[in-house]
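# Close look at the chain arrangement
Below are the chains, spelled out letter by letter.
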Amino acid sequence: MVNNFVRLLSNRVIFLVLLLIVVTIIMSIISPYFFDWGNFITMTRFGAVLVLVGLGQSLIILGGGAGIDLSVGSMISLSGVLFGIFVGLGINEWVAALMTVFFGGLLGSINGVTIALWNLPPLIGTLGTMYAYAALALVITNGVPLSGFSEGFSFLANGKVLGLPTQIILIVIPVFLILLFIMERTNFGRWIYLAGVNEEAAQFSGIQVKRVRFILYAISGILAGFSAVIFSSWFMASRPDVGNGMEMKAITVAVLGGIDIFGGVGNLVGTMLSVAIVTMIASGLQLANINTIWQLAVLGFILLGSIALNQLFVKNQLKL
Amino acid sequence: MKKKNGLRKYIPKPDRREVFTIILLITEIIIFSIVSPYFLSFNNLETVLRNSTDLAVVSIGMTMVMVLGGIDISIGSSLGVVAILVGWMLQAAIHPILVVFVAIISGVLIGTLNGLLVTKARIPAIIATLGTSNILRAMIFGMLGGRWLTGLPRVFGLFTKGHILGIPIPVFLLTIFYFSFWLFLTYTPVGRHIYAVGNSAEATKLSGVNTDRTMILAFALLGSLVGFSALIYVGRLASVEITVGIDLPMAAIAASVIGGTSVKGGKGSVIGTLAGVLFIAIMKNGIVLLGIPSLWERAVVGLLIIVSVLVDLVVGIRLEKKQREQLSKQRMQVSKYFVVERN
């Protein structure tokens, strides 16, 4: 009986769903406004960017080789600034958005080159670009936000399609489904897992591990580009420091979602669930008028608790 | 000649990597002193040193933990928490010696907690310290309550601004700290265990070392250094703001890495780290002296991290290739010899 329960909990997705239910119950006790349709809508808006960077981070960590991307926040800032510049040059916002996404991919590819091709440790490579991109964003704008976007552009982050926020319908859900399809149904997805589980074995079975990892860093950059566009539309300005601290949130979400930090284990559904948990806590605390700072502490405790629990399960499983 | 004992065999010679960083540092100093006449002035050098004392002290601990194969990204937040405690005690006019004591003890407690999470709960160091970092950051906000601590009495200003015989105290401070930790890491069994764990935790465990205790000790020592740095920080700035220490973990990692510490563990030394800290500090100073907007600072540091590690990688591959070539040449000669013999 107990063993069965432990086995059930050690399935990460089930564990996260239970945690989600617990969090929902706690939050609706704390705040009576929690179960409100309008509140759910606002919540998804908060979660949009977190989903994107969380997915990018998950992919990179899954790819193994101690993969991690500390530069996501800076990539968001820098590509956001570039978006502001494009618009300032008189380019249509939607064209500029596409160019920004492409530029994000370019920034990610630079990480891919230094890490996947030149064998730099990921922590170092992305630490370097984290510094470099963030500083470039500040240098280009002199620290002043760029604005002057047309009213229509705010539709992306503040408008609704079919009763749901635009960015969720048009960006987050398609991106998630595409990535999930890639991970679960294509050879490339299997390659990512294999590269994460056993790099050498993957190499011997003919998988170009370097190329796979390069593509993962580029994808993370592309997702950062999307995030930059969403942020720009949300604030109707390109702030050069908008992505600060995003990398830590992304790692937290990925790890909470059950992505093994050593690569190869975990799935994207877990990441989505953990984003849901994190955003619920955030907005629940906000509604209950508890300072948002405590989110950080709650997040820290959940992170530590869930990983410790996970390790305990792994240990028990070995014994069973 | 003295007989070599068992331990001494494992004492490393200065690494190629350390030498590389020191050469970089010297080149940098020469370039800046040519470009700006003000650079080599006593005042300027003292400012550089003063502003990087806390980073230098923390980086020792970071190097130690990274050599173990770990990492600690909570040091910024824990420095903040300790700094606030110190600020409160100074406002309450508690005796400075007691303040020093409490600061170091609370640093050790936080470090030990991290160590326990990593060893006993078996959470990977980067995640464990990310978690504690979040919690401690929230504590900082809670403790400060939205207001800064300002106008604190400059009891510990001495650490950075004082002089003994005309030599700034940071010089003594850093010499003592770096020398004693160099001795600790190079000549004591526990110090060697730290390297051994970083190279292969399993092999070390099998050879009878309590690896968990070594790890907890390293994290606790890092904590004590963070506690001491909090004193320096409060003494230098006489205030604690909400963003206290937010850049510190990354800066300490950068300094260690530029100084040759491997992220994979097992490699690195405090001497390299000192060179790394000074290299970054002087670079920042030089950027200001050259009249480049200080916004560029971080971009340059970021590039330097990548370039220094990259150059090291390339040199390492070259050297390895050369060694391999030499080895195969020797083998060729040996086999030729055998062939001749047989004929």
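Model, not experiment: these values are computed from the prediction.

## Some points on the overall build of chain B
On a plain count of helices and strands, chain B comes out with 14 helices and two strands. Relative to the compact-globule value of 20 Å for 343 residues, chain B shows a C-alpha radius of gyration of 23 Å, a close match. Taken over the C-alpha atoms alone, chain B extends approximately 90 × 55 × 40 Å along its principal axes. Classification of the 343 residues of chain B by burial places 47% in the buried group. Counted over contacts in chain B with a minimum sequence separation of 6, partners at least 24 positions apart contribute 79%.

## Some points on the overall build of chain A
When helices and strands are tallied, chain A shows 14 helices and four strands. A compact globule built from 320 residues should have a C-alpha radius of gyration of about 20 Å, and chain A, at 20 Å, falls within 12% of that. Along the three orthogonal principal directions, the C-alpha set of chain A runs to about 65 × 55 × 35 Å. Among the 320 residues that make up chain A, the fraction classed as buried is 52%.

## A word on the domain arrangement of chain B
Many structure descriptions define interface size as the accessible area lost when the parts assemble. Residues and elements named next belong to chain B. As far as domains go, chain B holds domain 1 (8-292) and domain 2 (298-343). Measuring from the centre of the C-alpha atoms in domain 1 to the corresponding centre in domain 2 gives 34 Å. Each partner contributes to the interface: domain 1 provides nine residues, whereas domain 2 provides seven residues. Elements with a contribution of two residues or more to the side of domain 1 that touches domain 2: α1 (16-35), α12 (248-258) and α13 (270-289).

## Points about the interface of chain B and chain A
Taken residue by residue, the interface counts 37 residues in chain B and 36 residues in chain A. Elements that contribute at least two residues to the side of chain B that touches chain A include exactly α6 (125-144), α12 and α14 (297-342) of chain B. Ranked by residues supplied to the side of chain B that touches chain A, first place goes to α6(B) with 12 residues. Its residues assigned to classes, the side of chain B that touches chain A shows 27 nonpolar, five polar and five charged.

## Some thoughts on the nonpolar core
The biggest cluster of nonpolar side chains holds 196 residues, and the ones touching the most others in it are B:Met64, B:Ala83, B:Val86, B:Ala230, B:Ala254 and B:Ile305. In terms of residue count, helix α11 (residues 209-235) of chain A provides more of this core than any other element does, 16 residues in total. When residues no more than four places from it in sequence are discounted, the contact partners of B:Met64 are B:Leu185, B:Ile194, B:Ala218, B:Leu221 and B:Leu222.

## Regarding the confidence of the model for chain B
Should the pLDDT be low somewhere, the predicted coordinates at that spot are not to be read in detail. For chain B, the average pLDDT comes to 83, and 94% of its residues sit at 70 or higher. Confidence estimates for the predicted assembly give a pTM of 0.83 and an ipTM of 0.76.

## A short note on the environment of B:Lys267
All names here are of chain B. Assignment of secondary structure puts Lys267 in the loop between α12 and α13. Sequence spacing of Lys267 and Arg17 is 250 residues, and the spatial spacing of their C-alpha atoms is 9.7 Å. Beyond its immediate stretch of four places on either side in the chain, Lys267 contacts Val67, Thr261 and Ser262.

## Re helix α11 (residues 211-237) of chain B
Look at α11(B): 39 Å from first C-alpha to last across 27 residues, which is about the 39 Å you get at 1.5 Å a residue. Of all 27 residues that make up α11(B), 22 are buried, and the element is covered over most of its length.

## Quick look at the packing of helix α3 (residues 53-67) of chain B against helix α8 (residues 169-187) of chain B
Two numbers describe a pair of packed helices, the interaxial angle and the distance between the axes. All names here are of chain B. Closest axis-to-axis distance for the α3/α8 pair is 10 Å, and the angle between their directions is 5 degrees. When the interaxial angle is binned, α3 and α8 end up roughly parallel. Where α3 approaches α8, its residues Thr53, Ala56, Val57, Ile60 and Met64 are matched on the opposing element by Pro170, Leu173, Leu174, Phe177, Tyr178, Phe181 and Leu185. When its residues are assigned to classes, the contact of α3 with α8 shows 11 nonpolar, one polar and no charged.

## A look at unusual backbone geometry
Residues and elements named next belong to chain A. The backbone of Ala66 sits at a positive phi, close to 60 degrees, despite the residue not being glycine. Relative to the helices and strands, Ala66 is located in the loop between α3 (37-62) and α4 (72-88). Judged by C-beta crowding, with 15 C-beta atoms within 10 Å, Ala66 ranks as partly exposed.

## Structural notes on the packing of helix α2 (residues 42-51) of chain B against α13(B)
Residue and element names in this part refer to chain B. With their axes 10 Å apart at the nearest point, α2 and α13 run at an angle of 125 degrees to one another. In terms of orientation, α2 lies oblique with respect to α13. Judged by the sense of rotation from one axis to the other, the crossing of α2 with α13 is right-handed. Contacts between α2 and α13 involve Asn44, Val48 and Asn51 from the former and Ala281, Ile282 and Asn285 from the latter. The residue inventory of the contact of α2 with α13, partitioned by class, reads three nonpolar, three polar and no charged.

## Some points on the environment of A:Ser79
Residues and elements named next belong to chain A. Position of Ser79 relative to the elements: it lies in helix α4. For Ser79, a count of 34 C-beta atoms within 10 Å translates into the label buried. Spatially, the C-alpha atoms of Ser79 and Gly225 are 6.0 Å apart, while their sequence positions differ by 146 residues. Once you skip the residues sitting within four places of it in the chain, Ser79 turns out to touch Thr100, Phe103, Gly104, Leu107, Ala224, Gly225 and Ala228.

## Looking at the confidence of the model for chain A
Averaged over chain A, the pLDDT score is 84; the fraction of residues at 70 or greater is 94%. In the model of chain A, helix α1 (residues 2-9) of chain A stands out as the element of lowest mean pLDDT, 64, in contrast to α11(A), which has the highest, 92.

## Comments concerning the environment of B:Ala92
Residue and element names in this part refer to chain B. Note that Ala92 resides in the loop between α4 (75-91) and α5 (96-119). Of the residues examined, Ala92 has 8 C-beta atoms within 10 Å and is grouped as exposed. Sequence separation of Ala92 and Ile30 is 62 residues, and the distance between their C-alpha atoms is 47 Å.

Thresholds, definitions, all that
- Counting of residues starts from 1 at the beginning of each chain's written sequence and follows it residue by residue.
- Key to labels: chains lettered from A, ligands numbered from 1, both in the order written.
- Local features in this predicted model are restricted to residues of pLDDT 70 or higher, and side-chain atom pairs are both shown and tallied only at a pLDDT of 80 or more, whereas totals for entire chains, interfaces and linings draw on every residue.
- Strands here mean DSSP runs of E at least two residues long; helices mean DSSP runs of H or I at least four residues long; both are numbered from the N terminus.
- Every radius of gyration here is taken over C-alpha atoms, with the globule rule written as 2.2 Å times N^0.38, N being the number of residues.
- Three classes are used. A residue is buried when 20 or more other C-beta atoms lie within 10 Å of its own, exposed when 12 or fewer do, and partly exposed in between, with C-beta atoms placed from the backbone.
- A pair of residues counts as a contact when their C-beta atoms, built from backbone coordinates, are separated by no more than 7 Å.
- A domain assignment, automatic or from a database, supplies the domain bounds used here.
- As a working rule, the residues Ala, Val, Leu, Ile, Met, Phe, Trp, Tyr, Cys and Pro are called nonpolar, Asp, Glu, Lys and Arg charged, and the rest polar, with Gly in that last group.
- The nonpolar core criterion groups buried Ala, Val, Leu, Ile, Met, Phe, Trp, Tyr and Cys residues into a set whenever they are joined through C-beta atoms within 7 Å.
- The quantity called pLDDT is the predictor's confidence in a given residue, expressed from 0 to 100.
- A helix's residues, less one, multiplied by 1.5 Å, set its expected span.
- The axes used here are C-alpha line fits, helices contributing only the stretch in contact, and every angle between their N-to-C directions lies in the interval 0 to 180 degrees.
- For this classification, under 35 degrees means roughly parallel, over 145 means roughly antiparallel, 65 to 115 means roughly perpendicular, and everything else is oblique.
- By definition, turning the near helix anticlockwise from the far helix through less than a right angle yields a left-handed crossing, and turning it clockwise yields a right-handed one.

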